[in-house]
Amino acid sequence: MAGTDVKKTERGIVLIIVVIMIAILSTIVIDFMYSTRVAYEISVNGSNELQARHIAKSGVRVIRSLLRDISPEDLPVLPGFMGQSLVSQNGNDGWSLSISSFPVGEGNIGLRVTDERSKVNLNALVDQKSSRVDFQVRTQLDELFRFLGVDTEKSTLFVASLVNWLDGAAAGGVNDQEAVGAGGDYYAGLENPYYIKNGPLDSIEEIRMIQGMDEEFFSKVRDYLTVYPEDKKINFSTASKTVIMSTIKAAGVSVNERQNDPREIKDSVVGRMADEVIMHRRTKRIVSADETKKILKKVDSVLDISSGISGVVLKDGKSDVYTALSTGIAGGDVPVTKDIRAVIRKNLKKKNSHPELVSWIER
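Just so it is clear, the model here is predicted, and its values are computed rather than measured.

Participant: I would appreciate a short explanation of the pattern of salt bridges in the present structure.
Facilitator: By the definition in use, this model includes 21 salt bridges. With a closest N to O distance of 2.6 Å, Glu143 and Arg146 form a salt bridge. Separated by 3 residues within a single helix, Glu143 and Arg146 lie in helix 2 (residues 135-147), roughly one turn from each other. Taken together, the salt bridges that share partners define one network made up of Glu143, Arg146, Lys249 and Asp267.

Participant: Help me understand the packing of aromatic side chains, please; the structure alone is not making it clear to me.
Facilitator: Two aromatic rings are characterised by how far apart their centres lie and by the angle between their planes. Under the definition given, this model contains 8 aromatic pairs. When the ring of Trp95 is compared with that of Tyr322, the centres are 6.3 Å apart and the planes differ by 70°; the resulting orientation is edge-to-face. Of this pair, Trp95 sits in strand 3 (residues 94-104) while Tyr322 sits in strand 7 (residues 321-330), placing them 227 residues apart in sequence. Summarising the burial analysis for this pair, Trp95 and Tyr322 share the class buried. Ring geometry for Trp165 against Tyr187: centres 5.2 Å apart, planes inclined by 80°, an arrangement best described as edge-to-face. Of this pair, Trp165 sits in helix 3 (residues 152-166) while Tyr187 sits in helix 4 (residues 184-188), and the two are 22 residues apart along the sequence. Grouped by ring-pair contacts, the aromatic residues Trp165, Tyr186, Tyr187 and Tyr194 constitute a single cluster.

Participant: Whenever I open this one, the environment of Ala250 confuses me. Can you help?
Facilitator: Mapped onto the fold, Ala250 is located in helix 6 (residues 241-251). Relative accessible area serves as the criterion here: at 0%, Ala250 is assigned to the buried category. Taking C-alpha positions, Ala250 is 9.8 Å from Ile265, a pair spaced 15 residues apart along the chain. Beyond its immediate sequence surroundings of up to four residues, Ala250 is in contact with Gln136, Thr139 and Gln140.

Calculation criteria
- Counting restarts for each chain: residues are numbered from 1 in the order of the written sequence.
- Only residues with pLDDT of at least 70 get local features here, since the model is predicted, and only at 80 or more are side-chain atom pairs given and counted; chain-wide, interface and lining totals rely on the full set of residues.
- The basis for the side-chain values is all heavy atoms of the structure; hydrogens and waters are excluded.
- Salt bridge, as used here: a side-chain nitrogen of Lys or Arg that lies within 4 Å of a carboxyl oxygen of Asp or Glu.
- Going along the chain from the N terminus, every DSSP run of H or I of four or more residues is numbered as a helix, and every run of E of two or more is numbered as a strand.
- Each Phe, Tyr or Trp ring, with Trp reduced to its six-membered ring, pairs with another whose centre is within 6.5 Å; inter-plane angles below 30 degrees give stacked pairs, above 60 give edge-to-face pairs, and intermediate values give tilted ones.
- For every residue, the accessible area (1.4 Å probe, protein chains only) is compared with the maximum for its type, and the residue is labelled buried under 20%, exposed over 50%, or partly exposed between those bounds.
- Pairs of residues are marked as contacts when any of their non-hydrogen atoms sit within 4.5 Å.

Put into structure tokens, the structure is as follows:
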């Protein structure tokens, strides 16, 4: 009997060991299968991400080639073309060229091109050589923010702080011009301090660092502002109604505050002027500074802001700086998206020269 019990005990132990081994092996197999699946998914996602990135990059290359040969704002308005995917518009919201979705290999591409000359240039507010404020640009900003419904107290603080942020440091100290705006001491005293720029902005996102700017303010104005053109002139061939109105207002102001003899232009009048410009470019898409003067004269023959218009409106109505947003999409069930935002500058003095990349941001 004793021998029988020993054998039963041994068989029981062996059975337990076998069960444990099977459980361990099952766990190892399941874990291996899971790891293999994860590795496969990572590999597929990595491949899709790489493919999406190259699709997005190809979109930027296409736009650079396009800009070398033509002025895109001269393209006809296309409410829908190539299966409704290609759209060119130029109404109250300004000019844009976009492709919503177009198949490329095993993926898709989306493109949107906008004109940086259709926006107000923040860097033009302060002359980097003299550190003097340009009061035409200041008027542009004040009127733009007013038309967009930004709180006046908030916008006044921001513009004054922007002046201090942009102006270069004078010899021996900080050259803050605006007592109302934040200076270097303000930023140095923050819980997470940083230096005041005392120089031009590198991107629109940088204004989030400036006193007076908050997320609500930023979301209202970001699409109407730029930092990339080399001067303040606005392209009336592509600008939105709001930017056109603020620019006409600025044309009635002198660059130098001491020489100012501002010409008051009523909102109702400036609104009609902007409408006439937009209506004009439905038939003649390029609007030069000289054509702008004629259009404004038809609305108000008494108002004389011709010299001011020459200072704030792009002379020939053809831009040199554009932003291309290219979106690459790759993958089946779980597609991967890659965005590239590129700022492209073309040299209008050299025909057929390849446009240069000014900025490149991937997300």
